[in-house]
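One-letter residues, chain by chain:
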Amino acid sequence: MPLVKMKEILAHAEEHRYGVGAFSVASMEMIMGAVSAAEELRSPLILQIAEVRLKHSPLHLIGPSMVAAAKKAEVPVAVHFDHGLSEEKIHEALKTGFSSVMYDGSHHSLDENIAQTKKMAALAREYGATVEAELGQVGGSEDGSVDLEVLLTGVKEAQEFTAATEIDALAVAIGNAHGMYKGEPQLRFDRLEEIHNEVDVPLVLHGGSGISEDGFRRSIGLGIRKINVATATFNQVLRIVNENVPFSDYFSYHEQVTAAAKENVKRHMRMFKSDGRL
């Protein structure tokens, strides 16, 4: 099964009303675990890495591994560059073969976000890649270094933004936050429904780690088609590794990391109802 565009995966999810997990990876083991989970459950998969994570997983090393894994997979896999902040790295991801990129201009004014998103979208389309962008501000930050407050996505702004930029997917802020939630997530399903009714592109939920199964299912019913999961996988790997130290050899460690990542991906795929779709 060749590497596919994320737009194709989201179109199928929209037609059949389910969510697709976009799983952040940081190593070859995590890539292997995620692909193995998708193949076992017959689910489409989005592999992704965010720009802020490149100091630990350099793009020139992990990017080709992600693309190669997608090309060899038995199920449709899109490779996505998440929370792209710089044209340099977005361009590098596209040249590496990523089939999707996100430009995150949510920290800009609406006009500046539109202008910068249009610029990055034009670059992505030169490579035939899917384009995601964010409007509003998801709580926290991708690497947990900043405790940003949630700024809800406005309905009228979402209409204007998607029309002006012609993006393929919109990440919305509805009370969701990156990292693990400090309390019970308070998602604004009313705002999500309003956006879904007025915006004609698939919607994306960032900050998927820690949301309940009911929260995921309600979000999917109101138009969410892509759900980002990062912290939950990293924490699952860390827990399993800590439970099994000391390891007798490196390859036992390798197998545990792969298995832990796979188990978390499978758990979320079942919650998103993407299993058995192929």
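Further up the page is the structure itself.
Visitor: Explain the environment of Ala230 to me, and be specific about the residues and the numbers.
Guide: Following the sequence through the fold, Ala230 ends up in the loop between strand E8 (224-229) and helix H9 (231-244). The spatial distance from the C-alpha of Ala230 to the C-alpha of Leu10 is 19 Å, given a sequence separation of 220 residues.

Visitor: Kindly report on a negative patch on the surface, identifying the contributing residues and their values.
Guide: Among the surface-exposed residues, Asp111, Glu112, Glu157 and Glu160 lie close enough to one another that they form a single negatively charged patch. Mapped by element, the contributors of at least two residues to the negative patch are helix H5 (110-126) and helix H6 (155-165). Looking at the element boundaries, Glu157 is found in helix H6. Classification of Glu157 as partly exposed rests on a relative accessible area of 36%.

Visitor: Requested: an account of helix H7 (residues 189-198), with residues and values cited.
Guide: All of the buried residues along H7 are Phe189, Arg191, Leu192 and Ile195. Seen from one end, H7 has its buried residues packed into an arc of 155°, which puts them on one side. Next to the buried residues of H7 lie H6, strand E6 (169-172), strand E7 (203-205), helix H8 (213-221) and E8.

Visitor: An account of a nonpolar patch on the surface is requested, with residue identities and associated values reported.
Guide: A surface patch of nonpolar side chains, about 340 Å² in accessible area, is lined by Tyr250, Phe251 and Tyr253. Turning to its location among the elements, Tyr250 is positioned in helix H10 (residues 250-272). For Tyr250, a relative accessible area of 45% translates into the label partly exposed.

Visitor: Please give an account of the packing of aromatic side chains that cites residues and values.
Guide: Across all of its chains, the model carries five aromatic pairs by this definition. Between Phe81 and Phe98, the ring centres sit 6.2 Å apart and the planes meet at 80°, which makes this aromatic pair edge-to-face. Taken together, the positions of Phe81 in strand E3 (residues 77-84) and Phe98 in the loop between helix H4 (87-96) and strand E4 (100-103) put the pair 17 residues apart, joining distant regions of the chain. A relative accessible area of 0% means that Phe81 is categorised as buried. Seen from their ring centres, Tyr250 and Tyr253 are 5.8 Å apart, and the 50° between their planes marks the pair as tilted. With Tyr250 and Tyr253 both in helix H10, this residue pair falls three residues apart, about one helical turn. Connected via pairs of aromatic rings, a cluster forms that spans Phe247, Tyr250, Phe251 and Tyr253. The residue whose ring lies beneath Arg218 is Phe189, and the NZ or CZ to ring-centre distance is 3.9 Å.

Parameters at a glance
- Residues numbered from 1 in each chain as written.
- Predicted model: local features only at pLDDT ≥ 70, side-chain atom pairs only at ≥ 80, totals over all residues.
- Heavy atoms only, no water.
- Helix = DSSP H or I, 4+ residues; strand = E, 2+ residues; numbered from the N terminus.
- Patch = residues over 30% accessible without salt bridge, like charges linked within 9 Å, V, L, I, M, F, W, Y side chains within 5 Å.
- Areas by Shrake-Rupley, 256 points an atom, 1.4 Å probe, with all protein chains shown as cover.
- Salt bridge = Lys/Arg side-chain N within 4 Å of Asp/Glu carboxyl O.
- Lys, Arg positive; Asp, Glu negative; His and termini not counted.
- Charge placed at Lys NZ, Arg CZ, Asp CG, Glu CD.
- Buried < 20%, exposed > 50% of the residue type's maximum accessible area, 1.4 Å probe, protein only.
- Arc of directions from axis to C-beta.
- Contact = heavy atoms within 4.5 Å.
- Phe/Tyr/Trp six-rings, centres within 6.5 Å; stacked < 30°, edge-to-face > 60°.
- Lys NZ or Arg CZ within 6 Å of the ring centre and 35° of its normal.

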